[in-house]
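One-letter residues, chain by chain:
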Amino acid sequence: MLWLVLDGGHWGAWKQESTHGHLCLPRHEVFDAEATAAYEGLKAACNSAQAPYTQNLYVLLDNQEVAQQLQGSPRGSSQHTILAFQEVANAWPTRPLRCQAIQPGQVHVHWIPGHAGIAGNEQADEQAKKGARGILAGNEQADEQAKKGARSTPQTNTPPTRYAWAHRTLKEEFWQRFQAFWAENAPQQYQDLSIGLDKRPHELSLPRATLGRLLAARSGHGDFAQYHERFGHEDTKLECSCGHPKTPHHFYYCQKGHKASPHPWGSRQVDEILRSKSGTRDLHEWLQRSHFYRTICPAH
Ligand SMILES: [Zn+2]
């Protein structure tokens, strides 16, 4: 079994299962199949849309011999394939990157151990068993096919636990690294608003139009005087109809807006309205009632 995991970028860990199940073939043919799968999978990952936004690529195999040879001097079967894998892996740091924050990174090859003696395995094993009925059913079909193939020597089923363990471990590590990255690199406006990372941001449940207004107000990138001046936009209206400059927080202070519909947020500060779940909900309802950005502070 082989897993490829792209990690350390902006878009979350991305995995691709290149081979799965058990191959009922003599040992050396299993070796060749795994080596070929590693090489083909690596090429696909290098050419993927995620590669320019990703730091490291992890190649996880449960075949210890293949994992060792991919990292060292190949001997015996599939030497040519293993050398080709190493050539592509060595070129990984030179691929074009599309984001300054991403480091060139490396291709890491790891053997995924069996489940004996691994911390937390029992829990993962339970979870894997619950979710693995489909996979096991697939293995049974493969068994039937293998038996028809007569020349094969049946091997032990690959326990789904191995992937469950690797997947959970990598997800946790990715999340920790992303949190560290965000703590250092979050835009100043987000730091000022104390907006951290959330796996399920509450604002994503807002209607799209309000979400757009919210993100503009948080980031300062939108129909605002300073933003237009900074980028030299012409033919733009820099003031609200009340005469004050358009700013990210003007909706909160505009007297005309308040007259059109009283603010539902009481004494809460503008930062709270832009950050909290109840604040963003109140903002949505108020925008619906006041038509603020449509009639009072329109784009043109
Ligand atoms: Zn105004």
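These numbers come from a predicted model, not from an experiment.

Enquirer: What is the right way to look at the side chain of Arg-218 in this model?
Expert: Its location among the elements puts Arg-218 in helix H8 (residues 208–219). Engagement of the side chain of Arg-218 in a polar contact is seen with the side chain of Glu-203, the distance being 2.7 Å. What Arg-218 contacts, discounting residues up to four positions off in sequence, is Gln-189, Tyr-190, Leu-193, Ile-195, His-202, Glu-203, Leu-274, Arg-275 and Thr-280.

Enquirer: Got a minute to help me understand the coordination of the zinc ion in this structure?
Expert: Perfect tetrahedral coordination of a metal by four donors corresponds to 109.5 degrees between them, and perfect octahedral coordination by six donors corresponds to 90 or 180 degrees. At 2.0 to 2.4 Å from the zinc ion lie its protein donor atoms, namely Cys-240 (SG), Cys-242 (SG), His-250 (NE2) and Cys-254 (SG). The site at the zinc ion holds 4 donor atoms, and with the angles between them running 101 to 117°, its shape is tetrahedral. Written as a sequence motif, the donor residues of the zinc ion are C-x1-C-x7-H-x3-C. Take Cys-242: its relative accessible area is 25%, and that puts it in the partly exposed class.

Enquirer: Even after reading the chapter, I still don't get the packing of aromatic side chains, so can you show me in this structure?
Expert: The description of an aromatic ring pair uses the distance of the two centres, along with the angle that the planes make with each other. Taken as a whole, this structure holds 12 aromatic pairs when the rule is applied. Pairing Phe-251 with Tyr-252 gives two aromatic rings, centres 6.5 Å apart and planes at 85°, and the pair type is edge-to-face. No difference in accessibility class separates Phe-251 from Tyr-252, as the two residues are buried. In this structure, Arg-95 packs its charged tip against the face of Trp-92, placed 3.8 Å from the ring centre.

Enquirer: Hey, could you run me through the pairing of strand S3 (residues 56–61) in this one?
Expert: Consecutive residues of a regular strand have side chains that alternate between opposite faces of the sheet. The buried count for S3 comes to 6 of 6 residues, which makes it a mostly enclosed element. Side chains Asn-56, Tyr-58 and Leu-60 of S3 all project onto a buried face; the interleaved residues Leu-57, Val-59 and Leu-61 project onto the opposite face, where all are buried too. By the bridge criterion, 5 bridges tie S3 to strand S4 (residues 107–111) in an arrangement that is parallel. Paired with Leu-57 across the strands is Val-107, a residue of S4.

Cut-offs applied
- Each residue is numbered by its place in its chain's sequence as written, counting from 1.
- Under the rules for a predicted model, residues below a pLDDT of 70 receive no local features and side-chain atom pairs below 80 are neither given nor counted, while totals for whole chains, interfaces and linings still include all residues.
- Excluded from the side-chain calculation are hydrogens and water; included are all heavy atoms of the structure.
- Helix and strand assignments follow DSSP, with helices taken as H or I runs no shorter than four residues and strands as E runs no shorter than two, numbered in order from the N terminus.
- For the purposes of these results, a polar contact is taken to be a pair of N or O atoms within 3.5 Å, where, inside protein, one atom must be able to donate a hydrogen and its partner to accept one; residues adjacent in sequence count only when each atom of the pair is a side-chain atom.
- Residue contacts are counted whenever heavy atoms from the two residues lie within 4.5 Å of one another.
- Metal coordination here is assigned from N, O and S atoms located within 2.8 Å of the ion, or within 3.2 Å for Na, K and Ca; omission of water means that sites may look incomplete.
- Note on geometry labels: four donors, all angles 85 to 135 degrees, give tetrahedral; four donors become square planar and six octahedral when opposite donors are over 155 degrees apart and every other angle is between 65 and 115; remaining cases are irregular.
- To sort residues, take the accessible area from a 1.4 Å probe on protein chains only and compare it with the maximum for the residue type: under 20% means buried, over 50% means exposed, and anything in between is partly exposed.
- Here a Phe, Tyr or Trp ring, Trp counted by its six-membered ring, pairs with any other such ring whose centre lies within 6.5 Å, and the pair is stacked when the planes are under 30 degrees apart, edge-to-face when over 60, and tilted otherwise.
- The criterion for a charge sitting over a ring is simple: Lys NZ or Arg CZ within 6 Å of the ring centre, and within 35 degrees of the ring normal.
- Two strands pair if DSSP finds at least two bridges between them.

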